[in-house]
Amino acid sequence: MNCFAARMWRRNRNFLRGSKMIPSNNVVHNVGSRIMDSSFIGAVTKSLMGAAFTVGGVIASVGAAGAAEPKPWQMGLQDPSGSIADKANDLHNLLLWIITAISVFVLALLIYTCIRYREGRNPVPSKTSHHAVIEVVWTVVPVLILLVIAIPSFKLLYYMDRTDETDMVVKITGAQWYWTYEYPDQELAYDSYMIATEDLEEGQKRLLDVDYPMVVPEGTRIKLLIQANDVMHSFFVPSLAVQIYTVAGRTNEAWIDVPMGEKTYYGQCNQICGVNHSYMPIVIKAVSADDYKAWVNEAKEEFATLDRPAQKDDATIQLAEAE
Ligand SMILES: [Cu+2]
């Protein structure tokens, strides 16, 4: 608020007294802005609220999308896939309406005050500094708004936190600068690297496609055990609404609800992790149950399996040689 507007506010005899309107409204802005993006209404609201939308901008730029990948000039979130993403999308839409209404209300109030209480029309300023009713109103209304936001927000938080009803487990390790996927039940593990631009084949996406994607069966709830080999990374797949940090020496837990339908989900590391941070995309490929079984058999042959006797023997020989 500029000085002129502030002066005008102070002059208002009956309505806007003091400066308490600012902190109480800012609380609501900050809560809402965490989950905002720059969809159409968001873009309009964005122009009103400036920096409060930084998080939304990041979400939109990293992974805005049609099916399960970013598209040029995408404005909203990626289309949600699975129950978690559906619920997150609903919450986002609710917040978008609330924050838009608040922004429009504050802007209208500001314009009205600037015009109605300008110096020319209101030469003798009010010296009133308190008004009990308006102070109660601008405290209670934001509290009620926060309650309306908190209820669906906590519901989603607890829903996302529940990892006990999953069908399978994938262990994911972030490293500079690739991902390792491990299927403990299948005794299978392999690394997934981005395909360099010069090696791209027809139809492959630059900076997004990888040599070996994480393959999962469609219609499955998958528990993710996530850790890091070196620095912090973050496993982020927007259309499945999963984002979780990888931390060395600690295992984080999350789950994804992969819906029915063969589809490829694209994501990226979104924790600055070094010079090649932007070159460690994530690809989750959902395939039919039969294709998944076939893939597991092929992958077991192609990749190193855990507990390979040959590997242990090699290690023993190397150690013996070292001594
Ligand atoms: Cu990273």
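Residues numbered from 1 in each chain as written. Predicted model: local features only at pLDDT ≥ 70, side-chain atom pairs only at ≥ 80, totals over all residues.

Another point: the overall build of the protein chain. Each helix and strand counted, the protein chain has eight helices and ten strands in total. Taken across its 323 residues, the protein chain has 27% of its residues classed as buried. At a minimum sequence separation of 6, the contacts of the protein chain that also span at least 24 residues come to 67%. (Helix = DSSP H or I, 4+ residues; strand = E, 2+ residues; numbered from the N terminus. Buried ≥ 20, exposed ≤ 12 C-beta atoms within 10 Å, placed from the backbone. Contact = placed C-beta atoms within 7 Å.)

Pairing is mixed in the open sheet, where five strands are placed in the order β4-β10-β9-β6-β7. Every interior strand has two partners, whereas the edge strands, β4 (214-217) and β7 (242-246), have only one. Each strand axis lies, on average, 20° off the axis of its neighbour in the sheet, ignoring direction. Along the sheet face, helix α7 (residues 289-302) touches β4 and β10 (281-287) and points at about 140° away from the line of β4. (Pairing = 2+ DSSP bridges. Axes fitted to C-alpha atoms, helices over the stretch in contact; angles between N-to-C directions.)

Moving on to α7. With 14 residues, α7 extends 20 Å from end C-alpha to end C-alpha; this agrees with the ideal 20 Å at 1.5 Å per step. The buried fraction of α7 amounts to zero of the 14 residues, a small share that puts the element mostly on the outside. (Expected span 1.5 Å × (residues − 1).)

Let us now look at the pairing of strand β5 (residues 220-228). The pairing of strand β1 (residues 168-175) with β5 spans seven bridges and is parallel. Looking across to β5, one finds that K171 is bridged to L225. The pairing of β5 with strand β8 (residues 252-258) spans seven bridges and is antiparallel. Bridging from a neighbouring strand, L224 pairs with A254 of β8.

This part is about the nonpolar core. Grouped together as the largest cluster of nonpolar side chains are 36 residues, with contacts concentrated most on L224, L240 and I284. Looking at which domains feed residues into this core, each of domain 2 (83-120 + 136-160) and domain 3 (168-302) gives three or more. (Core = buried A, V, L, I, M, F, W, Y, C linked by C-beta atoms within 7 Å. Domains from an automatic or database assignment.)

Another aspect to go through is the packing of helix α5 (residues 82-116) against helix α6 (residues 132-161). Two elements in contact, α5 and α6, have axes separated by 10 Å at closest approach and are oriented at 165°. Relative to α6, the element α5 lies roughly antiparallel. Judged by the twist between their axes, the crossing of α5 over α6 is left-handed. Residues I84, K87, A88, L91, L94, L95 and I98 of α5 form the contact with α6, whose own contacting residues are I145, I149, P152, S153, L156, Y159 and M160. Within the contact of α5 with α6, the residues separate by chemical class into twelve nonpolar, one polar and one charged. (Parallel < 35°, antiparallel > 145°, perpendicular 65-115°, else oblique. Left-handed = near helix turned anticlockwise from the far one by under 90°. Nonpolar A, V, L, I, M, F, W, Y, C, P; charged D, E, K, R; others polar.)

Let's shift gears to the pairing of strand β3 (residues 188-192). Where strand β2 (residues 178-183) meets β3, five bridges bridge the pair, whose relative direction is antiparallel. Considered in β3, the bridge of E182 is made with A189. Taking the residues between adjacent antiparallel strands as the criterion, β2 and β3 are bridged by four residues, where E187 takes a positive phi near 50°.

Reading fine detail from the predicted coordinates is not recommended where pLDDT is low. In this model, the protein chain carries an average pLDDT of 79, and 73% of its residues clear a pLDDT of 70 or more. Note that residues 1-67 has pLDDT below 50 and, in this model, 129 contacts with residues that lie over four places away or in other chains. Note on residues 308-320: pLDDT is under 50 here. Beyond four places in sequence and across chains, it has zero contacts. (pLDDT = per-residue confidence, 0-100.)

One open sheet accounts for five strands, arranged β3-β2-β1-β5-β8; its pairing is mixed. In this open sheet, the two edge strands, each paired with only one partner strand, are β3 and β8. Strand-to-strand twist of the sheet, defined as the mean angle between neighbouring strand axes without regard to direction, takes the value 25°.

What follows is about α5. Under the 1.5 Å per step criterion, the end-to-end length of α5 is 51 Å for 35 residues, consistent within 8% with the ideal 51 Å. Those residues of α5 that fall on the buried side of the exposure criterion are G82, I84, A85, A88, H92, L95, L96, I99, I102 and S103.

As a further point, take unusual backbone geometry. A cis amide bond links Q176 to the next residue, W177, at an omega of 0°. Assignment of secondary structure puts W177 in the loop between β1 and β2. Positive phi values are uncommon outside glycine, yet W73 reaches one of about 60°. Positionally, W73 belongs in the loop between α4 (54-63) and α5. Take W73: there are 5 C-beta atoms within 10 Å of it, and that puts it in the exposed class.

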